[in-house]
Amino acid sequence: MKVTVLMENTALEGCGLTPEHGLSLYIEYRGKKLLLDAGASGKFADNAQALGVDLSGVELAALSHGHYDHADGLRRFFQVNDRAKVYVRPGAAGPYFAKDPDAYRFIGIGRDIWENTRDRFVEVEGVYPLLEGAWLVPETVHDPAFAGQAADLLVKRGEDDFVPDDYRHEQSLVLEGERGLVVLNSCSHGGIVNIVRSVLDQFPGKRVFAVVGGFHMFGKGESGMNCTQAYVFQVAGALRELGVEQLYTGHCTGEPAFALLQNCFGPQCSALSTGQSLNF
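Right, let's walk through the structure included here. Everything numeric here is computed off the predicted structure, so don't read it as measured data.

A look at the packing of helix α5 (residues 192–202) against helix α6 (residues 229–241)
The geometry of α5 relative to α6 is characterised by a closest axis approach of 9 Å and an angle of 15 degrees between their N-to-C directions. What the angle tells us is that α5 and α6 run roughly parallel. Helix-helix and strand crossings are classified by hand; for α5 and α6 the assignment is left-handed. When α5 is examined against α6, the residues Ile-192, Val-193 and Val-196 are found in contact with a partner set consisting of Val-235, Ala-238 and Leu-239.

See below:
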């Protein structure tokens, strides 16, 4: 399998590609072409063109969760691809907000995308088989010790009622490779350890070899993290105990947390960047 990073917060030096706050992964797997997320704008499609990736050939697409920085590039995707369905969890189009210092900011899927192209979305539940060796998988383990630490992400339940998001709209794309399962979860809001444990529970007898995506450890405070160093080390230790050998992370992980993870995993922890290709 080959994973090409079409969009990430950073870009490989000298590649001439445009980064943005978002994530989009193009995947070639067993003769099929898949897309996981589409970034925050159409820029991912410009990067795809520069990399020689034909988005019109994508056969299946999935949305990791209902936030704009993964979904709003679908406007452009639907212009260049008229056939691929986008598989989502129920609630993906919900009213999701971030709590800023002086306001609530809408961070959900652009309303026009959901309303004008509703026929392109397919809601799925449980472990959903996309094709042989590829599944969409929900989080089923909710251990508070490893829960995501973001406290400012909310869902609107009433006119002025905001409650913490439970991330039921989040899912992983799980692919079977030669050395084990590869788990792609773009933000891991529920906590990457809980997500890996969920996959292992739902695929008994299999192992998770690699994890690709963001871990949502970035914060705007002085430390640059929304969690403690102890939490990051705890996560790294648990992933090792679960048998994970390789991490490819970026987007919402943040540089300080990435440095700590790399300190634990060494060269087996790599940073994602626009233009990068991963082979499993």
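Let's talk about the sheet that holds strand β13 (residues 171–177)
Overall, mixed pairing links the 7 strands, which are arranged β9-β10-β13-β14-β15-β16-β17 in an open sheet. If you trace the sheet from one side to the other, it starts and ends with β9 (128–131) and β17 (269–271), each paired once. If you compare each strand with its neighbour and ignore which way they point, the axes differ by 20 degrees on average. In the sheet, strand β14 (residues 180–184) pairs with strand β15 (residues 208–213) via 4 bridges, with the strands oriented parallel. When the bridges of β15 are listed, Leu-181 appears paired with Val-208. The strands touched by α5 within the sheet are β10 (134–138), β13, β14 and β15, with β15 carrying the most contacts at an inclination of about 135 degrees.

Examining the packing of aromatic side chains
A full pass over the atoms with the stated rule returns 9 aromatic pairs. Between the NZ or CZ atom of Lys-99 and the centre of the ring of Tyr-104, over which it lies, the distance is 5.4 Å. For Arg-240, the ring lying beneath its charged end belongs to Phe-265, and the centroid distance is 4.3 Å.

Concerning the sheet that holds strand β6 (residues 96–100)
Reading across from one edge, β7-β6-β11-β12 is the order of the 4 strands in this open sheet, with antiparallel pairing throughout. Where the open sheet ends on each side, the last strands, each with one partner, are β7 (103–106) and β12 (162–164). Each strand axis lies, on average, 45 degrees off the axis of its neighbour in the sheet, ignoring direction. As defined by bridge partners, β6 adjoins β7 across 4 bridges and the pair is classed as antiparallel. For Phe-97, the partnering residue across the bridge sits in β7 and is Phe-106.

Rules used in this analysis
In this convention, every chain numbers its residues from 1, walking through the sequence in written order. pLDDT decides what is reported in this predicted model: residues at 70 or higher carry local features, side-chain atom pairs at 80 or more are listed and counted, and totals for whole chains, interfaces and linings draw on all residues regardless. Excluded from the side-chain calculations are hydrogens and water; all other atoms, namely the structure's heavy atoms, are used. Each axis is a line fitted through C-alpha atoms, and for a helix only the stretch in contact is used; angles between axes span 0 to 180 degrees, taken between their N-to-C directions. Note on conventions: DSSP H or I runs of at least 4 residues are helices, E runs of at least 2 residues are strands, and numbering of each starts at the N terminus. Here the angle decides the label: under 35 degrees means roughly parallel, over 145 means roughly antiparallel, 65 to 115 means roughly perpendicular, and every other value means oblique. Left-handed describes a crossing in which the near helix is turned anticlockwise from the far one by less than a right angle; the clockwise case is right-handed. A contact between two residues is defined here by any heavy atoms of the two lying within 4.5 Å. Two strands qualify as a pair provided that DSSP identifies no fewer than 2 bridges between them. Geometry of aromatic contacts follows a simple scheme: Phe, Tyr and Trp rings, the Trp one being its six-membered ring, pair when their centres are within 6.5 Å, and the pair is stacked under 30 degrees between planes, edge-to-face over 60, tilted otherwise. In this analysis the charged atom, NZ for Lys or CZ for Arg, is taken to sit over a ring once it is within 6 Å of the ring centre and within 35 degrees of the ring normal.

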